[in-house]
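A structural walkthrough
Given next are the chains, with one letter for each unit.
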Amino acid sequence: MDSAAPYRCDVRPVVWHADDTRAFGLAPSASVHVTAQSPVAGQIVDALALTGYRARLVDRPDGTADAVIVTGGLSDAAPAARHWSALQMAKLARRDGAVTLLLQPREPASGLEGLSRTLRKEWPESQTFAWTVSDPSASALASLITHALAHGFGDGELAGSQTRVVPQAGAPISPPEALDSAGPSVWLVTGGARGVTAACAIELARAVGGTILLAGRSVETPWIESLPPADDLKTLRGLLVAHGRQQGARVSPAEIDRTARALLAGAEIRETLAAIRAAGANAVYLALDAGNAEAVAATLAAAQRAYGPVTGLVHGAGVLADKLAMDKTEAELRRVFAPKVDGLTNILGAIDPARLSHAAFFSSAAAFFGNRGQADYAMANAWLASAGRLLAQSTPGAQVKVFHWGPWAGGMVDAALAGHFEAQGIPLIPVDEGARIFVSELLGGDRAQVELVVGEAWAVA
Ligand SMILES: NC(=O)c1ccc[n+]([C@@H]2O[C@H](COP(=O)([O-])OP(=O)(O)OC[C@H]3O[C@@H](n4cnc5c(N)ncnc54)[C@H](OP(=O)(O)O)[C@@H]3O)[C@@H](O)[C@H]2O)c1
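Cut-off values and rules
Residues numbered from 1 in each chain as written. Predicted model: local features only at pLDDT ≥ 70, side-chain atom pairs only at ≥ 80, totals over all residues. Helix = DSSP H or I, 4+ residues; strand = E, 2+ residues; numbered from the N terminus. Buried ≥ 20, exposed ≤ 12 C-beta atoms within 10 Å, placed from the backbone. Contact = placed C-beta atoms within 7 Å. Pairing = 2+ DSSP bridges. Domains from an automatic or database assignment. Nonpolar A, V, L, I, M, F, W, Y, C, P; charged D, E, K, R; others polar. Near = placed C-beta within 6 Å. Arc of directions from axis to C-beta. Axes fitted to C-alpha atoms, helices over the stretch in contact; angles between N-to-C directions. Parallel < 35°, antiparallel > 145°, perpendicular 65-115°, else oblique. Left-handed = near helix turned anticlockwise from the far one by under 90°. Core = buried A, V, L, I, M, F, W, Y, C linked by C-beta atoms within 7 Å.

**Description of the overall build of the chain**
From N to C terminus, the chain includes 14 helices and 15 strands. Within the chain, the fraction of its 461 residues that count as buried is 48%. Contacts in the chain between residues far apart in sequence, at least 24 positions, make up 76% of those at least 6 positions apart.

Given below as structure tokens:
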């Protein structure tokens, strides 16, 4: 392997025993608040009280308890509401106390690990952990939690009174030797007309051909004929100002900016469509907001009537709304959840998942390691990983891959962000290299390995 190239790492479960680590020590007389968001919360309180903890059921933590157990992750509330309420409860806990977020490995999918990993980075003085509980029956759960608190367990699936299983980035894996070139004939690629997913869609077209349906919110705005070509926002804004003057029109800066962005989006969409067609595949653009359930149902029904059932899915749609967890609003979290979480839910409801032979979800290293300012993004991506694991279980014949990408040299990584990563010594994934890794893992990777981390520094963090 070229040591300068971004490498890929598998994600493997590692078993930790109680005496391997002690993330926090909670004396048996400590005070514990258990949030009343799940019907089993009362039994957890009773079991903790029997062991000697001063345990109390609370609607909201009041910042006085040594530890807070958040049970909202065990409820089946809609994802954005469930994750927002977990964040709210964590924010109300004592900053130097312990917070544990409970979640299940089964439906509904959960991204609370992304929250615990991020909060540990934002609040280094607190002890925030996510505990996955396979058996949500009240008695099993209460006993597991009592043991986990006594042992001061960190993140992981509580596998028994003495053990937890933690998904960890394993050793670098070698590129697959052979690719399955007979991939699906109809691919749906969300976010695939722009950004790094577009590069992946083009590479996919080269490898397998077929029909590639690209979905994004932008419309394919035609270029203004009298406007010279430009491919960066600053230059194009200047050209539009001059163009407006020539036409004698008074246009506001906000309108100039909107027009410039729409023109660039239209040009990027046409470029991607042309590149896919040049690679020998059929390319179709669907102007579609993945977060809009009705639009997804109607558009995908029409597209599947025209091109046949979707048998390959690449879910790359995503947006950022970075801000520290303490300052984050529910509207921002919902904006980040809309394309990734609502988007995938809407798409899986509009196609027949049993027909999928390949599915790839674009997550981020932020979900796997946590990242300051990205609590919502880390949760949405960790939710995608959880949905990927569930999809792999329910469609055993399909190749399902969740890519926890490190930063790329493109897409949402603009010059400012690139400088930020550079200053931290985190190398960027070159776009052509990332696209090749995507195709080789999706078409040739180990079927048993659903998640992988890609990106040098992030994989060894
Ligand atoms: N670039 C990186 O370094 C990096 C690292 C880790 C993970 N990722 C993940 O990789 C994916 C692509 O990232 P990128 O860097 O290429 O970002 P980008 O340049 O901002 O592109 C995002 C793409 O998602 C589409 N999109 C956003 N919201 C949508 C919605 N509601 N419905 C349909 N399409 C939507 C956008 O198209 P419209 O604007 O036209 O809707 C665009 O094509 C994202 O999921 C991101 O989280 C990227």
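**A closer look at the pairing of strand β3 (residues 54–58)**
Across five bridges, strand β2 (residues 31–35) lies against β3 in parallel orientation. Bridged to Val32 within β3 is Ala55.

**Considerations on the pairing of strand β1 (residues 8–17)**
Of the strand pairs in this sheet, β1 and strand β8 (residues 163–173) are connected by nine bridges, and their pairing is antiparallel. Considered in β8, the bridge of Trp16 is made with Arg164. Pairing analysis gives three bridges linking β1 to strand β15 (residues 451–454), with the strands arranged antiparallel. By the bridge assignment, Asp10 is partnered in β15 with Leu452.

**Things to note about the domain arrangement of the chain**
As assigned here, the chain comprises domain 1 (19–161) and domain 2 (173–217 + 288–459). One C-alpha centre belongs to domain 1, the other to domain 2; they are set 30 Å apart. Counting residues per element, the ones that place at least two in the side of domain 1 that touches domain 2 are α2 (79–91) and α3 (112–122). Counting residues per element, the side of domain 1 that touches domain 2 draws most heavily on α3, which supplies 10 residues. Residue composition of the side of domain 1 that touches domain 2, grouped by class: eight nonpolar, five polar and seven charged.

**Section: the site of the ligand**
In the vicinity of the ligand there are 30 residues, among which Gly191, Gly195, Gly216, Gly318 and Gly411 approach most closely. Within the residue set of the shell around the ligand, elements represented by two or more residues are α5 (195–208), β10 (211–216), α9 (330–350) and β13 (358–364). Looking at side-chain class alone, the shell around the ligand contains 15 nonpolar, 12 polar and three charged residues.

**Thoughts on helix α1 (residues 41–51)**
Considered for burial, the residues of α1 that qualify are Ala41, Ile44, Val45, Ala47 and Leu48. Mapping the buried residues of α1 onto a view down its axis gives an arc of 165 degrees, with all of them on the same face. Remark: Gly52 follows α1 within two positions and exhibits a positive phi of approximately 115 degrees.

**Regarding helix α12 (residues 415–423)**
Of all nine residues in α12, zero are buried, a share of ten percent or less. One or two positions beyond α12, positive phi appears at Gly425, with a value near 75 degrees.

**Some words on the environment of Gln104**
Mapped onto the secondary structure, Gln104 falls in the loop between β5 (98–103) and α3. Along the primary structure Gln104 and Val208 are separated by 104 residues, whereas in three dimensions their C-alpha atoms are 37 Å apart.

**Examining the environment of Val241**
Secondary-structure assignment places Val241 in helix α6 (residues 233–247). Assessed through the 14 C-beta atoms surrounding it within 10 Å, Val241 is described here as partly exposed. Along the sequence, Val241 and Ser252 sit 11 residues apart, while their C-alpha atoms lie 9.2 Å from each other.

**Considerations on the packing of α2 against α3**
Packing of α2 against α3 leaves a shortest axis separation of 10 Å and a crossing angle of 30 degrees. The angle between α2 and α3 places the two elements in the roughly parallel class. For the pair α2 and α3, the sense of crossing is right-handed. Each of His83, Ala86, Leu87 and Ala90 in α2 lies in contact with α3, whose residues at this interface are Leu112, Leu115 and Leu119. Grouping the amino acids of the contact of α2 with α3 by side-chain chemistry returns six nonpolar, one polar and no charged.

**Things to note about unusual backbone geometry**
Residues Glu107 and Pro108 are joined by a peptide bond in cis, for which omega reads -5 degrees. Looking at the element boundaries, Pro108 is found in the loop between β5 and α3.

**As for the nonpolar core**
Counting 130 residues, the largest nonpolar core has Ile44, Ala201 and Ile212 as its most contacted members. If one sorts the elements of this core by residue count, helix α11 (residues 375–394) sits on top with 12 residues. What Ile44 contacts, discounting residues up to four positions off in sequence, is Val34, Ile69, Leu141, Ala142 and Ile145.

**A few points about the packing of α2 against α9**
For the pair α2 and α9, interaxial distance at closest approach is 10 Å and the crossing angle is 140 degrees. Judged on the interaxial angle alone, α9 and α2 are oblique. For the pair α2 and α9, the crossing hand works out as right-handed. Residues Pro79, Ala80, His83 and Trp84 of α2 form the contact with α9, whose participating residues are Glu330, Leu333, Arg334, Phe337 and Val341. A breakdown of the residues in the contact of α2 with α9 according to their chemical character gives six nonpolar, one polar and two charged.

**As for the environment of Gly266**
For Gly266, the position within the fold is in helix α7 (residues 253–278). In this structure Gly266 comes out as partly exposed when scored by C-beta crowding, with 17 C-beta atoms within 10 Å. Distance from Gly266 to Pro222, taken between C-alpha atoms, is 6.2 Å for residues 44 residues apart in sequence. Not counting the four nearest positions on each side in its chain, Gly266 is found in contact with Glu220, Thr221, Pro222 and Trp223.

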